[in-house]
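Structural overview for review
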Amino acid sequence: MTLAEKVSAGLRDVPDFPKEGILFKDITPLLENPELFAEVIDALADRYKGKIDKIAGIESRGFIFGAPLAKELGVGFVLIRKPGKLPAEKIGVDYDLEYGSDRIEMHTSSIKKDERVLLIDDLLATGGTAAAAELLIEKCGGNLIEIAFLIELGFLKGSEKLKSDHHSILIL
Ligand code: AMP
């Protein structure tokens, strides 16, 4: 079984969540499977070892994958958060998402000029969130190496909104 097949088997589809017409990809069964969770982190660690200085995770499921990966690679972890959560000087970007609109923020001190950054989130849908996060990293002068996703909903063509390269373990 490939990692993509294992990830696919580790997801639970929840129809009409959080609103009608959305097929929600629930990653909690995968997280509850320690071997599979570790295999995902190990595969990402192999891909990015020696290539990055920092990992920026998108709240909240990007934190779940980004933090253990940062520990594994010995690099810093940066929080990209929903509005009003970060205490120090910050920058923000507003964006549209598959269900509604939102804003993300990052501390201005988190990423230094030319630092090599990996951006990570659990799922690429319309691409609005990741494109907004790209802009945050760009504004700080970071060198965005790649954006990693566990799952990409290919039919939504979110990747067309991204300026950087991206890597998805499972493309649906
Ligand atoms: P988007 O900005 O449309 O690419 O949406 C990406 C964000 O929304 C990610 O952080 C996902 O966690 C979440 N998301 C969007 N659509 C889904 C879905 N169908 N199932 C699970 N999470 C989703």
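Attention now goes to the overall build of the protein. Within the protein, the secondary structure is distributed over 5 helices and 9 strands. Put simply, the protein runs from its N terminus to its C terminus through helices and strands in the order α-β-β-α-α-β-α-β-β-β-β-α-β-β. In terms of overall dimensions, the protein is globule-like: its C-alpha atoms have a radius of gyration of 15 Å, near the 16 Å expected for 172 residues. With respect to the three principal axes, the spread of C-alpha positions in the protein is 40 × 35 × 30 Å.

Pairing between sheet strands relies on hydrogen bonds along the backbone, with the strands arranged either parallel or antiparallel. A sheet is described by the order of its strands in space; here 5 strands give the open sequence β4-β3-β7-β8-β9, paired in parallel fashion. The open sheet has two edge strands with one neighbour each: β4 (76–80) and β9 (166–171). Each adjacent strand pair in this sheet contributes to an overall mean axis angle of 20 degrees, direction not counted. Bridging between strand β3 (residues 54–58) and β4 involves 5 bridges; their strand directions are parallel. The residue of β4 that forms the bridge with Ile 55 is Phe 77. The strands touched by helix α4 (residues 61–73) within the sheet are β3, β4, β7 (116–124) and β8 (143–152), with β7 carrying the most contacts at an inclination of about 140 degrees.

Below, the discussion takes up helix α5 (residues 128–139). For α5, which comprises 12 residues, the first-to-last C-alpha distance of 17 Å matches the rise-based estimate of 16 Å (1.5 Å per residue) to within 8%. In terms of burial, α5 is a largely internal element, 9 of the 12 residues being buried. Within α5, the full set of buried residues consists of Gly 128, Thr 129, Ala 130, Ala 131, Ala 132, Ala 133, Glu 134, Leu 136 and Ile 137. Just downstream of α5 lies Gly 141, where phi reads positive at about 85 degrees.

This next bit is on the nonpolar core. Counting 28 residues, the largest nonpolar core has Val 7, Val 40, Leu 44, Ile 55, Phe 65, Leu 69 and Leu 150 as the members making the most contacts within it. Broken down by secondary-structure element, the contributors of at least two residues to this core are α1 (3–9), α3 (34–48), α4, β7, β8 and β9. With 6 residues, α3 is the largest single contributor of residues to this core. Contacts of Val 7, omitting those with residues within four sequence positions, involve Leu 30, Leu 36, Val 40, Leu 150, Ile 169 and Leu 170. Ile 58, Ile 80, Ile 104 and Ala 131 belong to the second largest nonpolar core, which has 23 residues in total.

Tracing the chain through its elements places Lys 54 in strand β3. Classification of Lys 54 as buried rests on a relative accessible area of 14%. One polar contact links the side chain of Lys 54 to the main-chain carbonyl oxygen of Ser 110, over a distance of 2.8 Å. Apart from the residues lying within four places of it in its own chain, the contact partners of Lys 54 are Val 75, Gly 76, Val 78, Ser 110, Ile 111, Glu 115, Arg 116, Val 117 and Leu 118.

Looking now at the packing of aromatic side chains. Counted by the stated rule, this structure contains 3 aromatic pairs. Ring centres 5.1 Å apart and planes at 85 degrees place the aromatic pair Phe 17 and Phe 24 in the edge-to-face group.

In this structure the tally under the stated criterion is 12 salt bridges. Across the pair Asp 13 and Lys 25 runs a salt bridge whose closest N-O atoms are separated by 2.7 Å. Here Asp 13 is found in strand β1 (residues 12–15), whereas its partner Lys 25 is found in strand β2 (residues 23–26), with 12 residues between them in sequence. When salt bridges with common partners are traced through the structure, they connect Asp 94, Arg 103 and Glu 105 into a single cluster.

Reading the values: rules and limits
- Residues numbered from 1 in each chain as written.
- Predicted model: local features only at pLDDT ≥ 70, side-chain atom pairs only at ≥ 80, totals over all residues.
- Heavy atoms only, no water.
- Helix = DSSP H or I, 4+ residues; strand = E, 2+ residues; numbered from the N terminus.
- Rg over C-alpha atoms; globule rule 2.2 N^0.38 Å.
- Pairing = 2+ DSSP bridges.
- Axes fitted to C-alpha atoms, helices over the stretch in contact; angles between N-to-C directions.
- Contact = heavy atoms within 4.5 Å.
- Expected span 1.5 Å × (residues − 1).
- Buried < 20%, exposed > 50% of the residue type's maximum accessible area, 1.4 Å probe, protein only.
- Core = buried A, V, L, I, M, F, W, Y, C linked by side-chain atoms within 4.5 Å.
- Polar contact = N/O pair within 3.5 Å; in protein donor to acceptor, adjacent residues only side chain to side chain.
- Phe/Tyr/Trp six-rings, centres within 6.5 Å; stacked < 30°, edge-to-face > 60°.
- Salt bridge = Lys/Arg side-chain N within 4 Å of Asp/Glu carboxyl O.

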